[in-house]
Every structure is written in structure tokens, then in C-alpha cells.
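# Structural features, examined
As a plain string of letters, each chain reads:
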Amino acid sequence: MAATLWSVKSCLSTITRAGLRRYTTPAAANTVSKSEPQEPNGPSVHTEIPGPKSQALLKDLDAIQNTGAVQFFVDYERSSGNYLADVDGNLMLDLFTQISSVPIGYNHPRFLQALLKDENRATLINRPALSVYPPSDWGSRLKNALLSVAPPGLNQVQTMACGACSVEHSQKAMFIAYQRRQRGGQPPSPEELKSCVEGRAPGCPNLSILAFRNAFHGRTMGALAVTYTKWSHKLDFPLPDWPCASFPALQYPLDQFERENRAEEDRCLDEVREQIHAWEKKDCPVAGIIVEPIQSEGGDNHATPYFFQGLQDIAKDHEIAMMVDEVQTGCGATGKFWAHEHWDLKDAPDIVCFSKKMLTGGFFYKDHLRPQEAYRIFNTWVGDPSKLVFLEEVVNLIKEEGLLGRVEDTGSYLLNGLYDIQNKYPGILSRARGVGTYCSIDFNDSDTRDKVIDDLRQKGINLGSCGNNSIRFRPTLTLSRNHVDVFMDVFSSVVGGLKS
Ligand code: PSZ
């Protein structure tokens, strides 16, 4: 059994009000940071996963919900750092982290300390309608937790509840700005004001947003309208007919296919231009382009800075907005705080959406996308200040502990490990790729990929899939080389087992 588990209770009992104790890393733990929770030395698995307790809980839950997606039940109290504990007492190294949404690990001491601070109490227990009754510290919380990490060039921010909701409201911001420009700054006509309430033109205009094949932007209707991955996301829903261009399908290794990949990116950029033109002709002009820095659900598809620079040029030529969906890539996973910072764009994107590791949803945007009237981008909560309490801890920790540098270091160690194992098993593995710890690798078919994910789990590694054949790594920002070693040992034995 691994080292005694650090638990929420033990942290709470050792924190004193007079002086919050700083947690030091025990010698055996796989960490380099002074303030990380004690972690087990490695996975430990005693039952099949899901084990008997998980299965019993599943039966109970299934009476009242569809449980088709449940994999196992988690003991969040015993989970710690990069290790996830299940209800059957198994400990897994978690490289998927709640679909890429745990920034610094489970039950991080900094979060537990924040939970106990008197000055945070009212923020944690009351949930305001933020656009109407903000607390006195709302502006400063936005500045400390969000504007301090705003993408360069973006100085406006809007919080939201989740990723889809952020995408959806930023689409609205793009439509509002587009129509304002169409009106040449004049106020909407009485006819527009009347017809929009009835859901008709001209108040509700025919406009579209261009997205990419294999894109995923969320499941609410507007976000779903720009999502092009699986049938299970879209079947039965009436969705608008909006333009969709090819996203580059790069060939690997990149340095051997530079010419082909450049041609592929040019082909995709041409398609974007053609689609914008075609929808203009259909009287449904494109008001904005939405793109993920790395298509994640769609298969961890990367493109080069050249492609994104070209996309920005197209958006500027057509005077439409470019929105970068950093819901999954944002908050440091690629070694820069925002993945689009790798592109060396001439100018900031017009909108950058976030959620997941940022703990709150929301989007940053340029001045010209700021709605002029109140209640245009609005809902009851528009976010949750309690999430900013924890986000501020994340942001401070990233700065204090240099976590972006760590992501870069651990990421290249992981990617090199993937290259090595891919070279060892060329008939099984291919297309190892990644930026920071945002890595992935492909199998020949989805059955093998799914079997590997299951085998890994039975040996204490929790990983996710994406696209048809890929596994993807979405660890915390505190992942270290030692964790990668733990993973590689298990992965080698699982892949080696496939061969025999
Ligand atoms: O199956 C699902 O609904 C999943 S699995 C992973 C996600 C959703 N990711 C969410 C996501 C995203 O990756 C990008 C790039 N944009 C928007 C979203 C939507 O975020 P949520 O799930 O918070 O609505």
C-alpha cells in the first residue's frame, strides 16, 4: 500500500487560524513544489475498476439517472494531488483530471487554506446575481484572478458558468458587434425592435459563425451549432446550417512533412475563404470564426502558427471576429498560459473563451465587442465568485512555483517518452504529438485504443480518449517527471502485452 494518504481532514486539523502552516513535500513524494499535498508513491489497485462498491452505487444511481457515462465512483476526500482515489480503495495516477479541469491537483493545501480564511466566508456561501448585485470585492477579484492572466491585448472580461455557456455568449457578442457595424453606429430601427421579439428578420437577422470539421465547442444549442464531432452530440436537434471548413490534418513527424503540411494548411485556409464567400451569397453572412487551438474532442488535431495567422488575416480582411476557444487548452497546459500565445499573432484574437482549469467559465474580449446596453450578455449568476477565490490561488501558485516552466519540462519529458515507445512499437503506435503536457498518441484502431485505456485503468492509470484512435493526456499543472516515469512503466507493459 502506498504512503499514508494525505486527506482533507488531516489538512483541516493541522491548519491553525493563527498561522496557516505551509505543507512541505515528504521526501518520498513525486513532487518538486513546496506547497503540494503529500501524494502516494504510485498507483495501487486492489479490485477491478469499477470495483464492488462502485458497482453497487451505480445500481442505486441508475434508478434515477442515465448512468451510461459513469466509469467509477470517486472518493474525493482521499484523492490527493495527481492521484484519484476510488470508493473501493484503489489509487490511480490521474492523467485525465475530470476531462482536463483540475489545475493543481485534488485537495490542494492552498485551496483548503482559502476555504478557511474568514475573509472568504461570505463569498463561499452566498451566490449572487453578479450583474445586478455584485459584492464590493468583485472588481478586485476579477482583476486579481482573471485580468492578471488575460491574454495580451484583451482587457475586458465576462464570467459565465461553464464552457458551452461562455462560447454561446461570446457568439452573441460577435453578432451584436456585427450588427452594430452594419447599422453604422445608428440605433436599431423600431421594426428591428418589434420583429426580434417575434423571432423574425430584420431584428433576428440571418447570420452565421464559421467553425471547423471535428471541432467541439459545447452542447448548448449555439455551441452545438459549431460542434462537428460525434452524432451523439447532435442527433435530433434542429441546428442552423452554418459554414464549416476543414481543419488541417497534419502528417507526422512534422519535420519530415513540412511541404505537405504547408499545402494542407493553405488548402484549409482557402476553404475558409470559399465558405465565407458562399454564405455571403446565401444571404447568411459570417459574423465570426471560432477555432480551438488544438482540436481536442475531435482527436488532438494540431495546426501550425502559420494556419492561425492566416485565419486571423482572413477574419481581418472580412472585418469579422476571430474567437479562440481555450476552454480546454487554456490555463497553462501547453506551457504558456494561453495556447494561442504560441502563434505569434500580429494582434490579439477578438475573443478568448475559457473554463475547465480556470474553474469559472467566461471570455476575454476586445473593446469593440463590449455590448453597449445592459442585459444583452446576461443571466442570473453569470459565474460564481467562489470559483474566483480558488482561481486566484491557482494563478498565484502558477506564478510562485513557475508551473508553466514545469509543464514545459514535464511535457517534453513525456513527449520524448512517447516518441521512444512509438519507435519501439511502430506497428501499434503512431503520431505522438503535443505541446507542454497537452500530449496524445494514436493506435491503429479504436478497439485497441479502448482496450489500452481499460488495461491502464486496471493498473492504476486514468487516461482519456479523443477522436477515433487517440489517447490524450490532460494532467494537472503539477505533474512531474516522476509521474511520467510511473505512467511509462505501466504503459510499456500494457503496450508490450498487446504485441504478444
Ligand atoms: O462530452 C462532452 O460534453 C465533453 S467532453 C470534453 C468536453 C466536453 N469539453 C468541453 C469543451 C471544450 O473542450 C471546448 C474546446 N469548448 C467548449 C467546451 C464546453 O465546455 P463545457 O463542457 O464546460 O460546457
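The structure we're discussing is the one just above.
What you see as residue numbers is a count from 1 along each chain, following the sequence as written. Reporting of local features is limited, given that this is a predicted model, to residues whose pLDDT is at least 70; pairs of side-chain atoms are given and counted only at 80 or more, and all residues count toward the totals for whole chains, interfaces and linings. By convention in this description, side-chain values take in all heavy atoms of the structure and omit both hydrogens and water.

### Here we look at the packing of helix α11 (residues 258-281) against helix α12 (residues 305-317)
Axis definition: a line fitted to C-alpha atoms, limited for helices to the stretch in contact. Angles are taken between N-to-C directions and run from 0 to 180 degrees. Helix and strand assignments come from DSSP, with helices taken as H or I runs of at least 4 residues and strands as E runs of at least 2, each series counted from the N terminus. Here α11 crosses α12 at 20 degrees, and the two axes come no closer than 10 Å. If you check the angle between α11 and α12, you find them roughly parallel. Once α11 is placed against α12, the crossing between them reads as right-handed. Each of Arg262, Glu265, Asp266, Cys268, Leu269, Val272, Arg273 and Ile276 in α11 lies in contact with α12, whose residues at this interface are Tyr306, Phe307, Gly310, Leu311 and Ile314. Ten residue types, Ala, Val, Leu, Ile, Met, Phe, Trp, Tyr, Cys and Pro, are classed as nonpolar, four, Asp, Glu, Lys and Arg, as charged, and the remainder, Gly among them, as polar. Taken together, the residues that form the contact of α11 with α12 break down as eight nonpolar, one polar and four charged. Angle categories: roughly parallel below 35 degrees, roughly antiparallel above 145, roughly perpendicular from 65 to 115, and oblique for all the rest. Handedness of a crossing follows from how the near helix is turned relative to the far one, being left-handed for an anticlockwise turn of less than a right angle and right-handed for a clockwise one. Between two residues, a contact is recorded if the distance between any of their heavy atoms is within 4.5 Å.

### A short note on the pattern of salt bridges
Any carboxyl oxygen of Asp or Glu that lies within 4 Å of a side-chain nitrogen of Lys or Arg is treated as forming a salt bridge with it. Evaluation of the coordinates by the stated rule reveals 29 salt bridges. For aspartate 75, the salt bridge identified is with arginine 78, shortest N-O distance 3.6 Å. Three labels apply to residues, based on accessible area from a 1.4 Å probe with only protein chains included: buried if under 20% of the type maximum, exposed if over 50%, partly exposed otherwise in between. We classify aspartate 75 as partly exposed; its relative accessible area is 21%. Linked through salt bridges whose partners overlap, the residues forming this network are Arg110, Lys117, Glu393 and Glu400.

### Observations regarding the pairing of strand β6 (residues 286-291)
The buried count for β6 comes to six of six residues, which makes it a mostly enclosed element. Whether two strands pair comes down to DSSP finding at least two bridges between them. Summarising the sheet, strand β4 (residues 208-212) and β6 pair through three bridges and their orientation is parallel. Bridged to serine 208 within β6 is valine 286. Both β6 and strand β9 (residues 321-325) contribute to a ladder of four bridges, which runs parallel. Paired with valine 291 across the two strands is valine 324, which belongs to β9.

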